[in-house]
Amino acid sequence: MQKTVLRNYAKLLARAGLNVQKGQEVIIVAELDQADFVAMVAEECYRAGAIKVRVEWRHQPQMRLTAEYCTEEVMSEVLPWQEEKLRYEVKTLPARLYLESEDPDGMSGIDSEKYSRAMQARSKIIKPYRDKMENRYQWCIAAVSGKRWAKKIYSKSTSAGQAEEKLWKAILTASRSYEGNPLANWQMHNAELSSRCAYLNALNLQALEYKSSNGTSLRVGLMKDGIFMGGGETTLSGVYFNPNIPSEEVYTTPAKGEAEGIVYSTKPLSFEGQLIRNFSIRFENGRAVEVHAAQGEGLLKKMIAMDEGAAYLGECALVPYNSPISESKILFYNTLFDENASCHLALGRGFSNCVRGYEAYTEEEIKAKGVNDSIIHVDFMMGDDDLEIDGITENGKREAIFRSGNWAFEVNVKDKIGY
């Protein structure tokens, strides 16, 4: 891929993804084979004003060896120096960029029960620190082309080098960074998503009802003080950033305990490096009470048993079927992309900032309003070209939200959002 194109992408991640502030620390999390691009992003973060950029390297093959050879007790450990690091991050609030490029099947075949229990134990220790940082710092999840990931997508028709180049183009196109000015592209895109949120919030919806010919028939209750969000977010200190690049969704956090019916997946789910395919989830009183899957059913059952909140919904996201990622007809085997090709739901933790005026409430008050809490937040895709969604207002009126898989209403995009 041309260096000028990659440089523009790196600048997008630093300026629009993280919106690095002068004097702020930055942490970049990436795989070992991404050194050149990581250096490019680090330089752009420094140009944006970062005082220090730190890289946390990952290596999926090494993670697999750890899962195979280490005991559950060893994998569960959070060592004292690691907790001290978390305390430091709570205090300093560095911006965090996660660059995804892993093999979707890279952890396939491991002892998933042992691995899940270990990750659950670690998460219980780490989560309180993450909770203290929530809504106080900028973070962004983006992607770079990886060899094994590229071959997973393009293995039938291209060489390894060609596959990696094709995946780069797909990532950059989906991220609105391949053509034109990426920063200007995202200003307009965020403005459109903001306009859609404003329209939905004005309706004061109490519930969403989903129906599709594949059998999906689900009603999800919404919080009284809940709001729809999309695109960029703002920290409590007023810094605007984009947590996901790409992003096509308008989303909200539903009311815990208010989901009834059944939903069928429309794309595979990658969870802990393993795939779950062709699955269904049935909800009663908001809780997932029955799941089936053609592949990975055991893993899906373990996922919803991770803790008390793992079986409840934490997100309802609206994504049109004619979104750029969907129209690419590429199955990325990566949630960051596949969730932006399809309406999706998420099991687990909800978003406190989807409560109107959330900054004035305590954590317990946020939960009381209906925001689910969990150590997981796992998106799964359920949108299709015939999905219909109705919004139910306070007086029982039905509002068409989606028809034939796409938005049922238009909006006027007036304002640009700057960085």
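Residues numbered from 1 in each chain as written. Predicted model: local features only at pLDDT ≥ 70, side-chain atom pairs only at ≥ 80, totals over all residues. Heavy atoms only, no water.

A. Main features of the nonpolar core. Counting 50 residues, the largest nonpolar core has Phe37 and Leu99 as the members making the most contacts within it. Of all the elements in the fold, those that place two or more residues in this core are helix 1 (3-17), strand 1 (25-31), helix 2 (35-48), strand 3 (95-100), strand 4 (139-143), helix 7 (147-154), helix 8 (160-174) and helix 12 (335-338). Leaving out residues up to four positions away in the same chain, Leu99 has contacts with Leu13, Ile28, Val29, Ala30, Phe37, Val38, Arg58, Ala142 and Val144. In terms of nonpolar packing, the next biggest core, distinct from the first, is built from 48 residues, Leu222, Leu345, Phe409 and Val411 among them. (Core = buried A, V, L, I, M, F, W, Y, C linked by side-chain atoms within 4.5 Å. Buried < 20%, exposed > 50% of the residue type's maximum accessible area, 1.4 Å probe, protein only. Helix = DSSP H or I, 4+ residues; strand = E, 2+ residues; numbered from the N terminus. Contact = heavy atoms within 4.5 Å.)

B. Helix 8, seen in detail. Helix length check: helix 8, at 15 residues, gives a terminal C-alpha distance of 21 Å against a target of 21 Å (1.5 Å per residue), a fit within 8%. All buried positions along helix 8 are accounted for by Ala163, Glu164, Leu167, Trp168, Ala170, Ile171, Leu172 and Ala174. Summarising the contacts, the buried residues of helix 8 are in contact with helix 1, helix 2, strand 4, helix 7, helix 11 (324-327) and helix 12. Just past helix 8, the residue Arg176 takes up positive phi, approximately 55°. (Expected span 1.5 Å × (residues − 1).)

C. Up close: the packing of aromatic side chains. In total, this model carries 11 aromatic pairs according to the counting rule given. Judged by centre distance (6.2 Å) and plane angle (85°), the ring pair of Tyr9 and Trp168 falls under edge-to-face. With Tyr9 in helix 1 and Trp168 in helix 8, this pair connects stretches of sequence that are 159 residues apart. Comparing Tyr9 with Trp168 shows no difference in burial state: the two are buried. Each ring, one from Phe332 and one from Phe337, has its centre 4.6 Å from the other, and the planes form 20°; the classification is stacked. Site record: aromatic cluster; members linked through ring pairs are Tyr199, Phe402, Trp407 and Phe409. For the cation-ring pair, Lys152 lies above Tyr333, with the distance from its terminal atom to the ring centre recorded as 4.7 Å. (Phe/Tyr/Trp six-rings, centres within 6.5 Å; stacked < 30°, edge-to-face > 60°. Lys NZ or Arg CZ within 6 Å of the ring centre and 35° of its normal.)

D. Here's a closer look at the side chain of Glu399. In this fold, Glu399 is placed in strand 19 (residues 398-403). Here the side chain of Glu399 touches Lys397 through a polar contact of 3.4 Å, side chain to side chain. Not counting residues up to four positions away in its chain, the partners in contact with Glu399 are Tyr199, Leu203, Ile389, Asp390, Gly391 and Thr393. (Polar contact = N/O pair within 3.5 Å; in protein donor to acceptor, adjacent residues only side chain to side chain.)

E. Looking closely at the packing of helix 1 against helix 2. Orientation of helix 1 relative to helix 2, taken along the N-to-C sense of each, is 50°, at an axis distance of 8 Å. Overall, the two elements helix 1 and helix 2 adopt an arrangement that is oblique. Handedness of the crossing formed by helix 1 with helix 2: right-handed. Along its contact with helix 1, which presents Lys3, Leu6, Arg7, Tyr9, Ala10, Lys11, Leu13, Ala14 and Arg15, the element helix 2 presents Phe37, Met40, Val41, Glu43, Glu44, Cys45, Arg47 and Ala48. (Axes fitted to C-alpha atoms, helices over the stretch in contact; angles between N-to-C directions. Parallel < 35°, antiparallel > 145°, perpendicular 65-115°, else oblique. Left-handed = near helix turned anticlockwise from the far one by under 90°.)

F. Representation of the sheet that holds strand 2 (residues 52-58). On the basis of which strands lie adjacent, the open sheet formed by four strands has the order 2-1-3-4 and parallel pairing. The open sheet has two free edges, formed respectively by strand 2 and strand 4, since each of these has just one partner strand. Adjacent strand axes in the sheet meet at a mean angle of 15° when their direction is disregarded. Bridge count for strand 1 against strand 2 is seven bridges, and the pairing is parallel. The residue of strand 2 that forms the bridge with Val29 is Glu56. Its contacts with the sheet place helix 1 against strand 3 and strand 4, and it is angled at close to 160° to strand 4. (Pairing = 2+ DSSP bridges.)

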